[in-house]
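Architecture and fold: a report
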Amino acid sequence: MTDIKKINLLGLSPEKLIEFFESIGEKKFRATQVIKWIHQKGAESFDEMTDVSKALRAKLEQICEIRGPEVVSQNISADGTRKWIIRTEGDKNDCVEAVLIPDGDRATLCVSSQVGCSLDCSFCSTGKQGFNRNLTPAEIIGQVWIAIKSFGPMDPNGPRRVTNVVMMGMGEPLMNFEPVVDAMILMMHDHAYGLSKRRVTLSTSGVVPKIYELVKRTDVSLAVSLHAPNDALRNELVPINKKYPIAELLEACQFYLANLPDKRHITIEYTLMSGVNDNEEQAHELAELLQTLECKINLIPFNPFPHSGYEKPSNNRTRRFQKILADAGYTVTVRTTRGDDIDAACGQLVGDFHDKTRRSQKYIELREINS
Ligand code: SAH
Ligand code: SF4
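Residues numbered from 1 in each chain as written. Chains lettered and ligands numbered in written order. Predicted model: local features only at pLDDT ≥ 70, side-chain atom pairs only at ≥ 80, totals over all residues. Heavy atoms only, no water.

Let's shift gears to the overall build of the protein chain. Looking only at helices and strands, the protein chain has 12 helices and 14 strands in total. Its C-alpha atoms give the protein chain principal-axis dimensions of roughly 70 × 50 × 40 Å. The buried share among the 371 residues of the protein chain stands at 53%. Taking contacts inside the protein chain between residues at least 6 apart in sequence as the whole, the part at least 24 apart equals 68%. A total of about 17,000 Å² of accessible surface is found on the protein chain, and carbon and sulfur atoms cover 50% of it. (Helix = DSSP H or I, 4+ residues; strand = E, 2+ residues; numbered from the N terminus. Buried < 20%, exposed > 50% of the residue type's maximum accessible area, 1.4 Å probe, protein only. Contact = heavy atoms within 4.5 Å. Areas by Shrake-Rupley, 256 points an atom, 1.4 Å probe, with all protein chains shown as cover.)

If you want it as structure tokens, here you go:
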């Protein structure tokens, strides 16, 4: 008998799970039972599903599985930040990272969407490594599953271990659209993780057509990685800007907000690089640019990695940039680095993987030349 690949139920959205049960001649409500077992109680086998008949459990056992991604390592930082290196299916070196950042009564999980990234932003170590492949829905939601399970058996009535999710790990989530949407639907679904739509945030470097599509499919919060107040500079830092310039990106943001059922804002992310995009004039230019957008600004002091060619600005420069924006009426936060001792900061997430774009090779050669 040939080995039939089992369907991994971990990554099926509620809608797809219903379709699956109907396709095997079972009632819809089975999907609700199973989804709760997997995502609220952390079941890894069908045996545990005591309210499902023995016959159905045996049938499921034969054709399906519940398989989370393999955890290569788990690190816990002195400040409580947890980081997982997760091996994805395929090449044995295909790894991504997930990071959980506790902060008072919140715990924010930073989730990866791709092994590497094809968009090649000049200051991002993931971008420097090139792209290998998209994660599956099971590998994306599996990061939430693993993070919650790291605290012990899952308990739907216990304390919430993950209160917020940000799609800000490795990869560009809008370049892996369907799997990311399915995983985010699970994050928010009452029968799965039940997170509020305000607490699930997708961060994009500006894949404009997909922003229009996203709002038709979900109502998650949107963060946009801007990093520059004009096209000339943004073209250098975020190459996708050459395809979708700032004006088009901001128009898509307006469309996104206008089509949400409730009033919300866009989070503008701006990584500050010393002497590149952090002077006073640029702060004023940014204030001017964002005037008509309902937004909050999150400044991220650049997190260094070897041979990046960029430096983090001094605290004084960062504060000055922040003040100019605040004086212009914006709410501006500065992201503090967490999990320093375990390399868990933005842009430091480094999977080890087989790079199809061969960009990593060019980067390594460049590092050698510069060192
Ligand atoms: N691809 C998406 C999401 C992942 S990156 C995006 O670009 O938005 C998450 C955030 O970290 C982005 O705002 C990105 O610009 C920022 N980032 C990347 N490298 C960084 C670095 N070295 N230092 C600080 N922020 C960085
Ligand atoms: Fe990709 Fe985001 Fe890094 Fe740019 S900043 S290379 S879009 S992961």
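Next, the rest of the story.
This brings us to the UniProt feature "binding site: [4Fe-4S] cluster" (unreviewed entry) in the protein chain. The positions UniProt marks with the feature "binding site: [4Fe-4S] cluster" (unreviewed entry) are Cys117, Cys121 and Cys124. Examined against the element boundaries, cysteine 117 turns out to sit in the loop between strand 7 (114-116) and helix 4 (125-128). Structurally, the position occupied by cysteine 121 is in the loop between strand 7 and helix 4. Filtering out sequence-adjacent residues up to four positions away, cysteine 121 remains in contact with Lys128, Leu237, Val238 and Pro239. (UniProt positions renumbered as here; feature names shortened; annotations may be inferred.)

Around ligand 2, the structure places Cys117, Leu119, Asp120, Cys121, Cys124, Gly127, Gly171, Glu172 and Ser205. Taken together, the residues of the shell around ligand 2 break down into four nonpolar, three polar and two charged. (Near = heavy atom within 4 Å. Nonpolar A, V, L, I, M, F, W, Y, C, P; charged D, E, K, R; others polar.)

A few words on the site of ligand 1. Lining the immediate environment of ligand 1, one finds 20 residues, of which Gly171, Ser203, Ser225, His227 and Asn303 sit closest. Contact distances for ligand 1 include 3.3 Å between a nitrogen atom and a side-chain N or O atom of glutamate 172. Class assignment of the residues belonging to the shell around ligand 1 gives a composition of eight nonpolar, 10 polar and two charged. (Polar contact = N/O pair within 3.5 Å; in protein donor to acceptor, adjacent residues only side chain to side chain.)

When the UniProt feature table is mapped to this numbering, "active site" (unreviewed entry) covers Glu97 and Cys346. Mapped onto the elements, glutamate 97 comes out in strand 5 (residues 95-103).

Most often, soluble globular proteins keep nonpolar side chains buried together rather than apart. Among the nonpolar cores identified, the biggest contains 106 residues, and Met187, Leu214 and Leu290 are the most heavily contacted of them. When neighbours within four sequence positions are excluded, leucine 290 is seen to be in contact with Leu226, Leu250, Ile268, Cys295, Ile297 and Tyr330. Core analysis: the next-biggest nonpolar cluster, separate from the first, contains five residues, Val99, Val166, Met168 and Ala223 among them. (Core = buried A, V, L, I, M, F, W, Y, C linked by side-chain atoms within 4.5 Å.)

On to the pattern of salt bridges, then. A full pass over the atoms with the stated rule returns 21 salt bridges. Glutamate 26 serves as the salt-bridge partner of lysine 59, at 3.1 Å between the closest nitrogen and oxygen. A residue pair is termed long-range when its members are at least 10 positions apart, and lysine 59 in helix 3 (residues 54-63) and glutamate 26 in the loop between helix 1 (14-23) and helix 2 (29-39) qualify at 33 residues. Here arginine 133 ties to glutamate 139 by a salt bridge, and the two come within 3.2 Å at their closest N and O atoms. A single burial state applies to arginine 133 and to glutamate 139, both of which are buried. (Salt bridge = Lys/Arg side-chain N within 4 Å of Asp/Glu carboxyl O.)

With that out of the way, let us pick up the packing of helix 7 (residues 208-217) against helix 9 (residues 246-258). As a packed pair, helix 7 and helix 9 sit with axes 9 Å apart at the nearest point and diverge in direction by 0°. On the basis of the axis angle, helix 7 is roughly parallel to helix 9. Across from Val208, Ile211, Tyr212, Leu214 and Val215 in helix 7, the residues of helix 9 making contact are Glu248, Leu249, Glu251, Ala252, Phe255 and Tyr256. Residues of the contact of helix 7 with helix 9, tallied by class, amount to nine nonpolar, no polar and two charged. (Axes fitted to C-alpha atoms, helices over the stretch in contact; angles between N-to-C directions. Parallel < 35°, antiparallel > 145°, perpendicular 65-115°, else oblique.)

Now for the confidence of the model for the protein chain. On average, residues of the protein chain carry a pLDDT of 92, and 90% of them reach 70 or more. Counted against residues more than four places away or in other chains, residues 364-371, with its pLDDT under 50, gives four contacts. (pLDDT = per-residue confidence, 0-100.)

Here we take up the state of the cysteines. Taken as a whole and judged by the stated rule, the model has zero disulfides. Between cysteine 95, a free cysteine, and cysteine 110, which holds the nearest cysteine sulfur, the sulfur-to-sulfur gap is 16 Å. Given a relative accessible area of 10%, cysteine 110 falls into the buried group. (Disulfide = S-S within 2.5 Å.)

Two faces make up the sheet, and in a regular strand the side chains alternate between them. Sheet analysis places strand 3 (residues 70-76) next to strand 4 (residues 82-87), joined by six bridges and oriented antiparallel. Looking at the pairing, glutamine 74 lines up with tryptophan 84 of strand 4. (Pairing = 2+ DSSP bridges.)

The subject of this paragraph is unusual backbone geometry. What is expected of a backbone is that most residues other than glycine have negative phi and most peptide bonds are trans. Phi at aspartate 120 is positive, roughly 60°, even though this residue is not glycine. Topologically, aspartate 120 is positioned in the loop between strand 7 and helix 4. Under the relative-accessibility criterion, aspartate 120 is labelled partly exposed at 26%. Phi angles above zero are rare outside glycine, and histidine 307 is one such case at about 60°. Here histidine 307 lies in the loop between strand 13 (295-301) and helix 11 (315-327). Classification of histidine 307 as partly exposed rests on a relative accessible area of 39%.

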